Amino acid sequence: MTQRKLPPLAALRAFEAAARHESAKQAAEELSVTATAISHQIRSLEESLGISLFVRRPRKLELTAQGRELKDVLEDAFNNIGAAVARLRSTPQRQAITLSTTPVIASRWLLSWVCMLRETHPDIDLRIHASHEAVALDGITADIAIRYGDGRWPGLVAEKLLDNTFIPACSPLLGLRDVSELPRHPLIHFRSSPAGSGPLDWAGWQKLARVPGLDVSAGLVFSDETHAVSAAVGAQGVALMSRELIEDELAAGRLVQPFGPEIKGKAFYLVYPENRKHDPVIQAVRDWVMAVPGGVCTL
């Protein structure tokens, strides 16, 4: 790469300001230096170039032909630099933030409202980490999360979002009305891992309901709650689901709650590190999540 052999920038700036104002004094005021300093920079520039840039008149600097040529070039260059800097300053710096939540919360609650965040904070790039695992909020794996629990996580701010009431739900096409009919229909299960279960399962529900002849180990098993919801809507069986997450299907009549009992589960909370509660990006995403319809708080 060819190296540019340019005079010092300070000398070029001093000359350009003096040429524009035709005055060392006014150039000094613009650049917040003394008139003596301006004169020194101009003489240094003239010596390095081996030419005279000004004809010194009483109370006025008059450009030579070479001075006018250099002034025109520098004026264009400094204008271009100023315009580029202004554009860069006005362009918001994009910031990425990762929100961790369960797949069902992501797909059935948040994704429809991402437009709200995009409209109010177009400079924020939201990354959604869908998992049933409570990942570290270390700024690497995730920054902020929606979790279900008791609201107590050391070192984290926890704000309640949604209740979590589990109900039996199925398609009205099944014609199911009485709990005694339940053993004749397949049960739909959600288990987040082969060895685990969802927040609440049919075994826990059966302890309260005590339905004769109900085999809570049989039926369809899904590792994703959204698939369990789809199966229930498709009349493939009866699911035990969070009422708060199937409100649209219940309101539209695609799902019904034929009977009880209902089981109160742990609520959903928005959580983020205590030491980042004043972080503007955290607060922007927090305000968006809290304003999503269906949450406890609407800002």
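Points about the confidence of the model for the chain
Here comes step 1: Across the chain, the average pLDDT comes to 87, with 93% of residues at or above 70.
Here comes step 2: In the model, residues 194-198 has pLDDT below 50 throughout and makes 6 contacts with residues more than four positions away in sequence or in other chains.
Here comes step 3: Throughout residues 295-299 the model reports pLDDT below 50, and contacts reaching past four residues in sequence, or to other chains, amount to 14 contacts.

Some details on the side chain of Ser100
Here comes step 1: Its place among the elements puts Ser100 in strand E3 (residues 95-101).
Here comes step 2: On the accessibility criterion, Ser100 (3% relative accessible area) is buried.
Here comes step 3: Within the structure, the side chain of Ser100 is placed 3.3 Å from the side chain of His129, a separation counted as a polar contact.
Here comes step 4: Not counting the four nearest positions on each side in its chain, Ser100 is found in contact with His129, Glu133, Val135, Ala142, Ile144, Ala145 and Ile146.

Some points on the packing of helix H2 (residues 24-31) against helix H3 (residues 35-49)
Here comes step 1: Direction vectors running N to C along H2 and H3 enclose 105°, while the axes themselves pass 8 Å from each other. Judged on the interaxial angle alone, H3 and H2 are roughly perpendicular. Contact residues: Ala24, Lys25, Ala27, Ala28 and Leu31 in H2; Ala35, Ile38 and Ser39 in H3.
Here comes step 2: Within the contact of H2 with H3, the residues separate by chemical class into 6 nonpolar, 1 polar and 1 charged.

So, helix H8 (residues 225-233)
Here comes step 1: Taken as a whole, H8 has its buried residues at Glu225, Thr226, Ala228, Val229, Ala231 and Ala232.
Here comes step 2: On its buried side, H8 packs onto helix H5 (103-110), strand E7 (165-169), strand E8 (187-190), strand E9 (220-222), strand E10 (238-242) and helix H9 (247-252).

Regarding the packing of aromatic side chains
Here comes step 1: Evaluated as defined, the whole model comprises 5 aromatic pairs.
Here comes step 2: Geometrically, the ring pair formed by Phe15 and Phe54 is tilted, given 5.4 Å between the ring centres and 55° between the ring planes. Placement of the pair is Phe15 in helix H1 (residues 9-21) and Phe54 in strand E1 (residues 54-57), with a sequence separation of 39 residues. Across this residue pair, the class does not change: Phe15 and Phe54 are buried.
Here comes step 3: One aromatic cluster in this structure is built from Trp202, Trp205 and Phe259.

Analysis parameters
- Residues numbered from 1 in each chain as written.
- Predicted model: local features only at pLDDT ≥ 70, side-chain atom pairs only at ≥ 80, totals over all residues.
- Heavy atoms only, no water.
- pLDDT = per-residue confidence, 0-100.
- Contact = heavy atoms within 4.5 Å.
- Helix = DSSP H or I, 4+ residues; strand = E, 2+ residues; numbered from the N terminus.
- Buried < 20%, exposed > 50% of the residue type's maximum accessible area, 1.4 Å probe, protein only.
- Polar contact = N/O pair within 3.5 Å; in protein donor to acceptor, adjacent residues only side chain to side chain.
- Axes fitted to C-alpha atoms, helices over the stretch in contact; angles between N-to-C directions.
- Parallel < 35°, antiparallel > 145°, perpendicular 65-115°, else oblique.
- Nonpolar A, V, L, I, M, F, W, Y, C, P; charged D, E, K, R; others polar.
- Phe/Tyr/Trp six-rings, centres within 6.5 Å; stacked < 30°, edge-to-face > 60°.

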